[in-house]
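Here are the chains, one letter per residue:
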Amino acid sequence: MADLQDEPHSVGIGAEDLPAPAAAVAAGALDRAVALLAVHPVVDGCNTLVRTLHQSPYHDIETSDTGVDTDIPRLRAGGVGAQFWSLLVPSAHEDAPGDQVLSDTLDQIDTALTLMRRYPDSLCLALSADDLADARNRGRIASFLGPVPGRTLTGSLGALRAFHALGVRILAPAGAPWAQEELTAFGHEVVREANRLAILLDLTGCAPAVACRLAGASKAPVIISNTAAASLNPHPGNVTDEVLAALREANGLAMVTFDTARTGDSLHAVADHLDHVRAIAGPHGVGLGATFGTGPGHPRPTGLTDPSGYPRLIAELLERGWPESEVALLTWGNAQRVVRDAEFTARAAGHRR
């Protein structure tokens, strides 16, 4: 089985392949960033392309398309080696009945699996940490399915087990009736079953108190797949230092978004949020979750308008003095460690049963 010691396949990017704004970054730092991403590519914690394609299925993501900000050429140009594909329903449907949310989620899973079949030379379904490494070594982009909405689980764990059988590996409790002010008895069952199945809990959108309870209840690390530091920008979607400290205690992972409303309108502002999350959650608790996958008009920080901007961000962090070992944790190592730790927890739960 492959692991982090395997010789990785180069993702094939070079400084000469990057768009013109990269010239604003020192050439030496950009060269170092490109070389680092060839070995430690980005695991991006959130992309909503599946939802976009479900609503408008006529995009060919093997060629650059101005209609969406994500396609295979730009993922490769940015050094993306693994992608978590969000399967959450649009915010306009948040008040929809549970059975409709479940139906919409299943439709998105079908769209995601169709995407893997349509582009087998570039994308492959990943179910484990070994799959992440295997895909990287074969030059493919590993695809993790999830999160799915936690409110699809209405008093029964059968839906969670069915999601797992379909390849889903991430669950979002936000908005679920079992994870409101308090974690209900059924909520504790969901956490235990997710731990047993090696399904990660994504605390994005949870109130701070609920997020801290979930982080404490889970025996496996939890993630926040897209967020930024509330201390720098008190946006309701950003994470507080209290939650970042709880993630550090639980060996979890906060993945910083590229959303102007949450981070600010520049690459430097995003780097400031990464600095803060790293300071509070620790070098092992910070990752990247850009929330690309949308059409035109979604505000993005300058220099980070699509996945091809990752090398510029990495170059900025290197210029700020981040050690290359910690940048490698940010891009690849932390996400793979969280997935592997969840699998270890699942095996331990199986032995106990």
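Up top is the structure.
Residues numbered from 1 in each chain as written. Predicted model: local features only at pLDDT ≥ 70, side-chain atom pairs only at ≥ 80, totals over all residues. Heavy atoms only, no water.

Points about the overall build of the chain
Step number 1: For the chain, the helix and strand inventory stands at 13 helices and ten strands.
Step number 2: When contacts within the chain are restricted to residue pairs at least 6 apart in sequence, long-range pairs at least 24 apart make up 73% of them.
Step number 3: Approximately 13700 Å² of the chain is accessible, and the part contributed by carbon and sulfur atoms is 53%. (Helix = DSSP H or I, 4+ residues; strand = E, 2+ residues; numbered from the N terminus. Contact = heavy atoms within 4.5 Å. Areas by Shrake-Rupley, 256 points an atom, 1.4 Å probe, with all protein chains shown as cover.)

Here's the deal with the pattern of salt bridges
Step number 1: Counting across every chain of the model gives 14 salt bridges.
Step number 2: Ionic contacts of the salt-bridge type, sharing partners, join the residues Asp272, Asp275, Glu316 and Arg320 into one network. (Salt bridge = Lys/Arg side-chain N within 4 Å of Asp/Glu carboxyl O.)

Side note on the side chain of histidine 276
Step number 1: Tracing the chain through its elements places histidine 276 in helix H11 (residues 267-281).
Step number 2: One polar contact links histidine 276 to aspartate 241, side chain to side chain, over a distance of 2.7 Å. (Polar contact = N/O pair within 3.5 Å; in protein donor to acceptor, adjacent residues only side chain to side chain.)

What about the packing of helix H6 (residues 158-165) against helix H7 (residues 185-197)?
Step number 1: Between H6 and H7, the least distance of the axes is 10 Å, while the angle of their chain directions is 20°. Judged by the angle between their axes, H6 and H7 are roughly parallel. Judged by the sense of rotation from one axis to the other, the crossing of H6 with H7 is right-handed. Touching Leu160, Arg161 and His164 of H6 are Val190, Glu193, Ala194, Arg196 and Leu197, all from H7.
Step number 2: Considering only residue class, the contact of H6 with H7 consists of four nonpolar, one polar and three charged. (Axes fitted to C-alpha atoms, helices over the stretch in contact; angles between N-to-C directions. Parallel < 35°, antiparallel > 145°, perpendicular 65-115°, else oblique. Left-handed = near helix turned anticlockwise from the far one by under 90°. Nonpolar A, V, L, I, M, F, W, Y, C, P; charged D, E, K, R; others polar.)

Quick word on the environment of leucine 127
Step number 1: With respect to the element layout, leucine 127 can be found in the loop between strand E3 (123-125) and helix H5 (129-137).
Step number 2: Sequence separation of leucine 127 and alanine 142 is 15 residues, and the distance between their C-alpha atoms is 9.1 Å.
Step number 3: In this structure, leucine 127 is in contact with Phe144, Gly167, Arg169 and Glu343, ignoring residues within four places of it in sequence.

A few points about unusual backbone geometry
Step number 1: Omega for the peptide link from glycine 146 to proline 147 comes to 10°, which places this bond in the cis form.
Step number 2: Within the secondary structure, proline 147 sits in the loop between strand E4 (141-145) and strand E5 (148-149).
Step number 3: Its identity as a non-glycine residue notwithstanding, alanine 198 has a phi of 60°, on the positive side.
Step number 4: Relative to the helices and strands, alanine 198 resides in the loop between H7 and strand E7 (200-201).
Step number 5: Residue classification places alanine 198 among the buried residues on the basis of a relative accessible area of 16%. (Buried < 20%, exposed > 50% of the residue type's maximum accessible area, 1.4 Å probe, protein only.)

Some thoughts on the environment of proline 147
Step number 1: On the basis of relative accessible area, proline 147 is assigned to the buried category, the value being 1%.
Step number 2: Proline 147 has contacts with Trp85, Ser86, Leu87, Leu88, Ile170, Leu171, Ala172 and Asp202, leaving out every residue within four places of it along the chain.

Re the sheet that holds strand E6 (residues 170-172)
Step number 1: One open sheet holds the three strands; their spatial order is E5-E6-E7, and the pairing between them is parallel. With one partner strand each, in any of the chains shown, E5 and E7 form the two edges of the open sheet.
Step number 2: Bridging between E5 and E6 involves two bridges; their strand directions are parallel. Bridge pairing in E6 links valine 148 to leucine 171. (Pairing = 2+ DSSP bridges.)

What to know about H11
Step number 1: With 15 residues, H11 ought to run about 21 Å at 1.5 Å a step, and its terminal C-alpha atoms sit 21 Å apart, in line with that.
Step number 2: If you check which residues of H11 are buried, you get Leu267, Ala269, Val270, Ala271, His273, Leu274, His276, Val277 and Ala281.
Step number 3: Following H11 by one or two positions, glycine 282 adopts a phi angle in the positive range, close to 95°. (Expected span 1.5 Å × (residues − 1).)

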